[in-house]
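# Secondary and tertiary structure notes
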Amino acid sequence: MSILAWYAIELLVFPVAIQQYTDEQIMYAVGCVALCLTGFLAGYLLPTKHPPAGTSTKRWIDLLDNPDYVWNVFLFLTLVGIVPLLWIAKGNLLVIFEDAFLPRKRWSSMFQRARYGDVRDAILELQMFLRAAVIPACIVIFSSLRWQSLFRKCTAAIIVAYAIARALNDGARISVIEVTMPVAASLYWITPSKGRSWFLLFGAPTIAAIGIVWAVATVVGRDEGKFEWKMAAEARYTGFEMSRELLFLTGNVPDNFPYQWGKTYWAQLINPIPRFVWAAKPRLDAGLQLARLQGQVINDEPKLTVAPGLIGEMYWNFGLPGIVFISIGIGWLACRWDQFGSLQTDSLPRFLIFASGLGIIFASGRSINMSCFYSLIALYATIQGANYWIKTPRCLI
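A brief report on the enclosed structure follows.

Conventions we followed
Residues numbered from 1 in each chain as written. Predicted model: local features only at pLDDT ≥ 70, side-chain atom pairs only at ≥ 80, totals over all residues. Heavy atoms only, no water. 1 Å grid on protein atoms, 1.4 Å probe; cavity = no way out; pocket = protein on both sides within 12 Å on 5 of 7 lines; lining within 4 Å. Points joined across faces, edges and corners; volume = space filled by probe spheres on them. Helix = DSSP H or I, 4+ residues; strand = E, 2+ residues; numbered from the N terminus. Core = buried A, V, L, I, M, F, W, Y, C linked by side-chain atoms within 4.5 Å. Buried < 20%, exposed > 50% of the residue type's maximum accessible area, 1.4 Å probe, protein only. Contact = heavy atoms within 4.5 Å. Phe/Tyr/Trp six-rings, centres within 6.5 Å; stacked < 30°, edge-to-face > 60°. Lys NZ or Arg CZ within 6 Å of the ring centre and 35° of its normal. Salt bridge = Lys/Arg side-chain N within 4 Å of Asp/Glu carboxyl O. Axes fitted to C-alpha atoms, helices over the stretch in contact; angles between N-to-C directions. Parallel < 35°, antiparallel > 145°, perpendicular 65-115°, else oblique. Nonpolar A, V, L, I, M, F, W, Y, C, P; charged D, E, K, R; others polar.

Here the focus is empty space enclosed by the protein. In this structure the tally under the stated criterion is 1 cavity of 30 Å³ or more. Of the volumes computed, that of the largest cavity is approximately 100 Å³. Lining the largest cavity are 14 residues, with I177, E178, S356, I360 and S375 positioned closest to its centre. Elements with a minimum of two residues in the lining of the largest cavity: α11 (173-190), α17 (348-364) and α18 (374-391).

In structure tokens form, the structure reads like this:
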């Protein structure tokens, strides 16, 4: 569904940007999408002798069922995530909230990190902990008053509201999915069992439609710092256009541009390493490279990123074999995550972790980006660190 959402819709709409290609080129791109779907299904249905995913990870997630433990995890994530904001804003909370709730131009946030970061930008990246705090915050909010006090619930609600407002104001789809998916999953969780099917049938599509219209309107107005729902009708580019990027790549690789042979995937693997630690870290980001190839350059620097799309990046790296084998691997991983989710039906914390992973899977249908995983990595690292702290004996002086 994620792949179809990013590719098939644009092909059906058939905008001017696609009409410039021949029928043969379009059918070749459609074949690539079909090949990806076939590979994904093959990987998903691939038999495995391993036990269902989740039997080992269930233990560390179960710690979030403890009300005091989840509150302390929430506080830690919030404090780590808000430190860079307080540092940049010099302790001015009004500036922090204005940046989240008042309209502003694209990339004009005072908390926006630069493209090629230094120490300051590495510290700003700690904001991932604030997005990670949304999961334990939702656990606090939607738990019984017997387990969490009203004060705790209100505090958690403020952080969730700030995280959502900040993500919406930034206009980054990945951040929006990170902070809204736990909330939507929590609402689904508290819905009576008889109403859940209606929630999926009507609620989820409605939320998705609103989200798409919001994303389109944001793209149209973000350069001027304006947002109006009616702007969505004026959009010529929305950021959902993966088919046109696929057509561009299949039409130029390898005749005009060489295969990448995994370089763009390597760039994502080394992405978490701060540039001030590794000054010579390669600048191989696929979005920046594709922008260069399309001439989107000012003063020899790309003025924006152009995501090649999940399938386009597979083809750009390894051609048709890359689409087949990478799709099989992604299908296998998705099946393992689905198996993990089948074991998470009796616990809100475990269900929220599973739902957040589904959000990452959807976002990855556009392009594989390491930043999609940052919030879950921050949550996992925090819980493992807390678990180590609890189990490690310490001397009392």
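Let us keep going from here.
Our focus in this paragraph is the nonpolar core. By size, the foremost hydrophobic cluster in this structure holds 56 residues, and its most contacted members are F74, L77, F111, I135, L352, I353 and L379. It is helix α5 (residues 67-88) that contributes the most residues to this core, 9 residues altogether. Leaving out residues up to four positions away in the same chain, I353 has contacts with I61, I135, W337, F340, L376 and L379. Counting residues in hydrophobic clusters, the runner-up holds 28 residues, among them L249, V253, A286 and W316.

Under the definition given, this model contains 13 aromatic pairs. Here the aromatic rings of Y188 and F351 are separated by 5.7 Å at their centres, their planes lie at 20°, and the arrangement is stacked. Placement of Y188 in helix α11 and of F351 in helix α17 is noted, with a sequence separation of 163 residues between them. The pair formed by Y188 and F351 is uniform in burial state, with each residue classed as buried. Every member of this aromatic cluster is reached through a ring pair, and the members are Y188, W189, F199 and F351. Sitting above the plane of the Y188 ring, R196 keeps its charged end 5.0 Å from the centroid.

A few words on the pattern of salt bridges. What the rule picks out here adds up to 5 salt bridges. Where D65 meets R350, a salt bridge forms, and the shortest distance between an N and an O atom there is 3.8 Å. Of this pair, D65 sits in the loop between α4 (57-62) and α5 while R350 sits in helix α17, and the two are 285 residues apart along the sequence. Take R350: its relative accessible area is 3%, and that puts it in the buried class. Here E178 makes a salt bridge to R131, at a shortest N to O gap of 2.7 Å. Taken as a pair, E178 in helix α11 and R131 in helix α8 (residues 128-132) lie far apart in primary sequence, 47 residues in all. A single burial state applies to E178 and to R131, both of which are buried.

Below, the discussion takes up the packing of helix α3 (residues 23-44) against helix α13 (residues 242-252). The geometry of α3 relative to α13 is characterised by a closest axis approach of 9 Å and an angle of 110° between their N-to-C directions. By the angle class used here, α3 and α13 are roughly perpendicular. For the pair α3 and α13, contact is made by Q25, I26, Y28, A29, C32 and V33 and by L246, L247 and T250, respectively. Residues of the contact of α3 with α13, tallied by class, amount to 7 nonpolar, 2 polar and no charged.

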